[in-house]
Amino acid sequence: MKKGVNILYCSTMCSETMLSFLHKSSKQKPKYSIQKYHRLFAEGLTLNGVAITALISLPTSFASNRKLFWFKKREFYNDINYIYLPFINIPYLRQIMIVMGSFLYASIWSLKHKGKNSLIITDVLNVSISLSVLAATRIFKKNICGLVTDLPEMLDTIRNERRLSLMGKTATFLSTCFLSSFDLYIILTRQMNQVVNKNGKPSFILEGLVDSKISIAGTLGKELHSERIILYSGGIYKKYGIKKLLQAFHLLKDQNMRLHIYGSGEMEKEIEEFVKKDGRVFYFGVVPNHEIIDRQIKATILVNPRSSKEEFTLYSFPSKNLEYMVSGTPLITTQLPGIGEEYLNYVYVFEDESIDGISRKLKEILSKSDEDLERFGNRAREFVLKEKNNKIQAERFLKFLADNSLLES
């Protein structure tokens with residue numbers, strides 16, 4: 001079944017070389033978590049013999065990068081054929097060119113692969129590309145899979161974006177309207193299916209992936225430090241529990257403890273003020289993903305303080321949890337409703353999510369020996385590398401397609 005399968009993968013995913021260029025040249029850095037999710041999934045499909053053409057709307061804008069003309073067309077990287085949609089970087093003109101270009105390319109691709117084992121996957125949060133590709137599939141009668149990593153209306157709530165631009169409000173409205181228009185879905189949690197998939201179409205849960213190329217035994221005997229480092233990386237938003245984490249850490253009196261925070265979001269200035277208040281707190285902003293991975297490995301524990309009481313946690317699986325677990329460094333997380341029971345044997349859990357409760361749990365885990373922490377972290381690493389690597393997850397998806405007769409032949 002896998003032999004001869006062709007997939008057009010429509011998103012903002014970039015090759016690592018393009019992502020590196022955008023990081024160096026852009027004021028607002030690309031969101032690495034979503035880039036990594038798409039890239040690992042696409043590469044996992046290629047490892048299963050699927051031919052992937054990635055139709056890409058670059059994750060940049062005039063506000064983040066003043067380069068005017070973006071006309072790089074193609075790049076072949078890690079067995080994926082990247083097609084970068086050309087545009088002139090002027091508000092509205094950029095969106096118009098992306099819409100026209102993606103509709104034209106998706107139409108040509110659909111005609112070329114008519115009668116062959118083929119499927120189109122699109123990131124529904126990228127409205128410009130998704131709407132036009134969806135229109136092309138309806139004209140040329142191709143199956144299209146909506147990949148939903150977040151609910152559009154929930155993203156605005158999380159980021160506290162009360163002053164969304166007209167373009168932003170329109171994008172949220174449109175993506176919500178056409179959310180139920182796809183032939184099948186890839187979603188992060190079973191709860192998400194109730195909201196997204198109102199027509200009862202086939203759906204596949206893909207909560208996250210880790211790189212199958214990583215060695216299972218890679219962190220045994222890792223370098224130890226005299227300082228006990230707690231590390232958080234990701235969105236810097238109040239709804240992600242960052243303020244509680246800072247307050248809980250401040251209650252810890254051990255001067256040998258450190259809190260390292262990486263990422264961007266609404267709380268950046270507040271964190272910078274807190275750094276002045278407590279010299280054990282360090283804020284590093286946004287750094288390339290390979291640097292984050294290196295620092296996760298060297299940390300004592302990793303933390304995800306996202307409140308389990310927030311509604312949006314029903315519809316999300318924090319990809320950072322898998323990235324944390326594969327580092328071999330122990331993770332302490334809240335018991336989010338979107339996280340399956342199978343994970344709970346491999347993570348420490350904040351049973352009490354109050355400031356005092358978080359502080360007590362941090363103290364409890366940090367009091368464990370280096371050997372105990374290393375053993376626990378490596379159990380988690382082995383679990384995700386065996387059960388959640390991108391080759392296996394992609395293979396499960398292909399079986400789902402076959403079982404539901406969703407590949408056109």
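For the structure itself, consult the block above.
These notes cover the structure that comes with them. Just so it is clear, the model here is predicted, and its values are computed rather than measured.

Next up on the list: the overall build of the chain. Within the chain, the secondary structure is distributed over 14 helices and 16 strands. Radius of gyration (C-alpha) of the chain: 21 Å, near the 22 Å computed for a compact globule of 409 residues. If one aligns the C-alpha atoms of the chain with their principal axes, the spans along those axes are about 65 × 45 × 35 Å. Scored against the burial criterion, the 409 residues of the chain give a buried share of 55%. For the chain, the proportion of contacts with a sequence separation of at least 24, taken over those separated by at least 6, is 74%. Accessible surface computed for the chain: about 18100 Å², of which carbon and sulfur atoms make up 54%. For the chain, the centre of its 57 positive side-chain charges and the centre of its 42 negative side-chain charges are spaced 6 Å apart.

Another point: helix 3 (residues 93–112). The end-to-end C-alpha distance of helix 3, which contains 20 residues, comes to 29 Å, matching closely the 28 Å that a straight helix rising 1.5 Å per residue would cover. Residues of helix 3 that are buried include every one of Arg94, Gln95, Ile98, Ser102, Ala106, Ser107, Trp109 and Ser110, and no others.

Let us now look at helix 11 (residues 319–326). The buried fraction of helix 11 amounts to seven of the eight residues, a majority that puts the element mostly inside the structure. Turning to helix 11, its buried residues number three or more, namely Lys320, Asn321, Leu322, Glu323, Tyr324, Met325 and Val326. Looking one or two residues past helix 11, glycine 328 carries a phi angle of roughly 85°, positive in sign.

Below, the discussion takes up the sheet that holds strand 14 (residues 301–304). Read across the open sheet, the six strands follow the order 13-12-11-14-15-16; overall the sheet is parallel. Unpaired on one side and paired on the other, strand 13 (281–285) and strand 16 (348–349) mark the two borders of the sheet. When strand 11 (residues 228–233) meets strand 14, the two strands line up parallel, connected through two bridges. Among the inter-strand pairings, leucine 231 is bridged to a residue of strand 14, identified as leucine 302. Along the sheet face, helix 8 (residues 242–251) touches strand 11, strand 12 (257–262), strand 13 and strand 14 and points at about 165° away from the line of strand 12.

Next up on the list: the side chain of lysine 142. Within the secondary structure, lysine 142 is located in the loop between helix 4 (127–140) and strand 8 (144–148). Among the polar contacts made by the side chain of lysine 142, one reaches the main-chain carbonyl oxygen of histidine 113 at a distance of 3.2 Å. Reaching out from lysine 142, the side chain makes a polar contact with the side chain of serine 118 at a distance of 2.4 Å.

Next up on the list: the sheet that holds strand 4 (residues 74–77). Read from one edge of the open sheet, eight strands run 4-5-2-1-7-8-9-10, paired in mixed fashion. Lying at the two open borders of the sheet, with one neighbouring strand each, are strand 4 and strand 10 (203–205). Here the average twist between neighbouring strands, direction ignored, is 20°. Here strand 1 (residues 6–11) runs beside strand 2 (residues 51–56); their pairing, made up of six bridges, is parallel. When the bridges of strand 2 are listed, isoleucine 7 appears paired with isoleucine 52. Against the sheet, helix 2 (residues 32–47) makes contact with strand 1, strand 2, strand 5 (80–84), strand 7 (118–123), strand 8 and strand 9 (184–187), and its axis sits at roughly 175° relative to strand 1, the strand it touches most. Contacting strand 1, strand 2, strand 4, strand 5 and strand 7, helix 3 crosses the sheet at an angle of about 170° to strand 1.

Reading guide: rules and limits
The numbering scheme is per chain: residues are counted from 1 as the chain's sequence reads. Only residues with pLDDT of at least 70 get local features here, since the model is predicted, and only at 80 or more are side-chain atom pairs given and counted; chain-wide, interface and lining totals rely on the full set of residues. Only hydrogens and water are removed before side-chain values are computed, so all heavy atoms of the structure are retained for them. Secondary structure elements are defined from DSSP: runs of H or I of at least 4 residues count as helices, runs of E of at least 2 residues count as strands, and each element is numbered from the N terminus. Both definitions apply: the radius of gyration is a C-alpha atom measure, and the globule rule equals 2.2 Å times residues to the power 0.38. Buried residues are those whose accessible area, probed at 1.4 Å on protein chains only, stays under 20% of the maximum for their type, while exposed residues exceed 50% and partly exposed ones sit between those limits. Residue contacts are counted whenever heavy atoms from the two residues lie within 4.5 Å of one another. Note on areas: Shrake-Rupley, 1.4 Å probe, and residue coverage restricted to the protein chains presented here. Counted as positive: Lys and Arg. Counted as negative: Asp and Glu. His and the chain ends are not counted at all. By convention, charge coordinates are those of NZ in Lys, CZ in Arg, CG in Asp, or CD in Glu. Multiplying 1.5 Å by the helix residue count minus one yields the expected span of that helix. Here, a strand pair is defined by DSSP locating no fewer than two bridges between the strands. Only the contacting stretch of a helix is used when fitting its axis, a line to C-alpha atoms as for every element, and angles between N-to-C directions run 0 to 180 degrees. What qualifies as a polar contact is a pair of N or O atoms within 3.5 Å, subject to a donor-acceptor requirement within protein and to the restriction that residues adjacent in sequence count only when both atoms come from side chains.

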